[in-house]
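Structural features, examined
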Amino acid sequence: MQLDSGGIAKGYAADEALAVLTGLGIKSALVALSGDIAVGDPPPGRSGWRVRVQDETLTLAHAAVSTSGDQFQFVEIDGIRYSHIVDPRSGMALRSAPTVSVIAPTGIDADSMATALSVAGLSAVKSLKLPSICKQSNGFLIDLRTLSRTLEHGRARDRARVRCALAMRPA
């Protein structure tokens, strides 16, 4: 078995790479790290970067998107499908992880929320009752930017994290 910090590290790395580019004066940039995407200013003459996620083509600027789930990364052993995602409650590979894509202000937020919600499972995602959840043919697309604008001083992101943490508690 190999463990890595892929559940949040790629989003953080995308944020940091974007920050380096911005520091060098490159404000119009898209950083893609194995499915985790962070974008700065849109390309010249455009309203945003066009990014295909699940069934949607998104137009993003100053945002990030991350997808987590076992649609493509899994192993089948003796007829049982095991995800590449480990459930922190049991330490075992998930047997079913819904595909969850999250759009957020930062890569670390998108990446960590997508992974946590995928681990939490289908019922937990549905129970969040976020106004920005869109059911896709193969998973969920959640836009935390919309929620963040509804509350002052970033409290929406904290509230979403708390709800997710509550959903992840052992029964």
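Residues numbered from 1 in each chain as written. Predicted model: local features only at pLDDT ≥ 70, side-chain atom pairs only at ≥ 80, totals over all residues. Heavy atoms only, no water.

To continue, consider the environment of Asp55. Structurally, Asp55 is set in the loop between β3 (49-53) and β4 (56-60). Expressed as a C-alpha distance, the spacing of Asp55 and Gly139, which sit 84 residues apart in the sequence, is 9.3 Å. (Helix = DSSP H or I, 4+ residues; strand = E, 2+ residues; numbered from the N terminus.)

Turning our eyes to something else, we now look at the nonpolar core. Val100, Val102, Leu117, Val125, Ile142 and Leu144 are the most contacted members of the largest nonpolar core, which totals 18 residues. Taken together, the elements giving at least two residues each to this core come down to α1 (9-23), β8 (100-104), α2 (107-120) and β10 (139-143). When residues in this core are grouped by element, the largest group, four residues, is from α2. Residues in contact with Val100, not counting those within four places in the same chain, are Gln54, Ser66, Thr67, Ser68, Ala114, Leu117, Ser118, Val125, Phe140 and Ile142. Val51, Leu58, Leu60 and Ile103 belong to the second-largest nonpolar core, a separate cluster that totals 10 residues. (Core = buried A, V, L, I, M, F, W, Y, C linked by side-chain atoms within 4.5 Å. Buried < 20%, exposed > 50% of the residue type's maximum accessible area, 1.4 Å probe, protein only. Contact = heavy atoms within 4.5 Å.)

For α2, with 14 residues, the first-to-last C-alpha span of 20 Å sits near the 20 Å given by 1.5 Å per residue. Residues Gly107, Asp109, Ala110, Asp111, Met113, Ala114, Thr115, Ala116, Leu117, Ser118, Val119 and Ala120 constitute the buried set of α2. (Expected span 1.5 Å × (residues − 1).)

This paragraph deals with the side chain of Asp36. With respect to the helices and strands, the residue Asp36 is situated in strand β2 (residues 36-39). A relative accessible area of 2% means that Asp36 is categorised as buried. Of note is the side chain of Asp36, whose polar atom sits 3.4 Å from the side chain of Lys10. (Polar contact = N/O pair within 3.5 Å; in protein donor to acceptor, adjacent residues only side chain to side chain.)

This part covers the confidence of the model for the protein chain. Averaged over every residue, the pLDDT of the protein chain is 76; the share at 70 or more is 73%. Confidence drops under pLDDT 50 across residues 149-171; counting only partners more than four residues distant or on other chains, this segment forms 27 contacts. (pLDDT = per-residue confidence, 0-100.)

Once that is clear, we can look at unusual backbone geometry. Although it is not a glycine, His62 sits at a positive phi angle of roughly 50 degrees. With respect to the helices and strands, His62 occurs in the loop between β4 and β5 (63-68). Given a relative accessible area of 52%, His62 falls into the exposed group. For Asp78, which is not glycine, the phi torsion reads 50 degrees and is therefore positive. Checked against the element boundaries, Asp78 lands in the loop between β6 (74-77) and β7 (80-83). When its relative accessible area of 78% is taken as the criterion, Asp78 is described as exposed.

In this structure, Ala9 sits in helix α1. Sequence-wise, Ala9 and Asp36 are 27 residues apart; in three dimensions their C-alpha atoms are separated by 9.7 Å.

Another point: the pairing of β3. When β3 meets β4, the two strands line up antiparallel, connected through five bridges. Its bridge partner being in β4, Val51 is matched across the sheet by Leu58. A loop of two residues connects β3 with β4, the two strands running antiparallel in sequence, and Gln54 in this loop sits at a positive phi of about 50 degrees. (Pairing = 2+ DSSP bridges.)

Among the secondary structure elements, Val53 is positioned in strand β3. You can call Val53 buried: its relative accessible area is 6%. Through-space distance from the C-alpha of Val53 to that of Val102 is 9.7 Å; in sequence the pair is 49 residues apart. With residues up to four places along the chain from it excluded, the contact list for Val53 reads Leu58, Val65, Thr67, Ser101 and Leu141.

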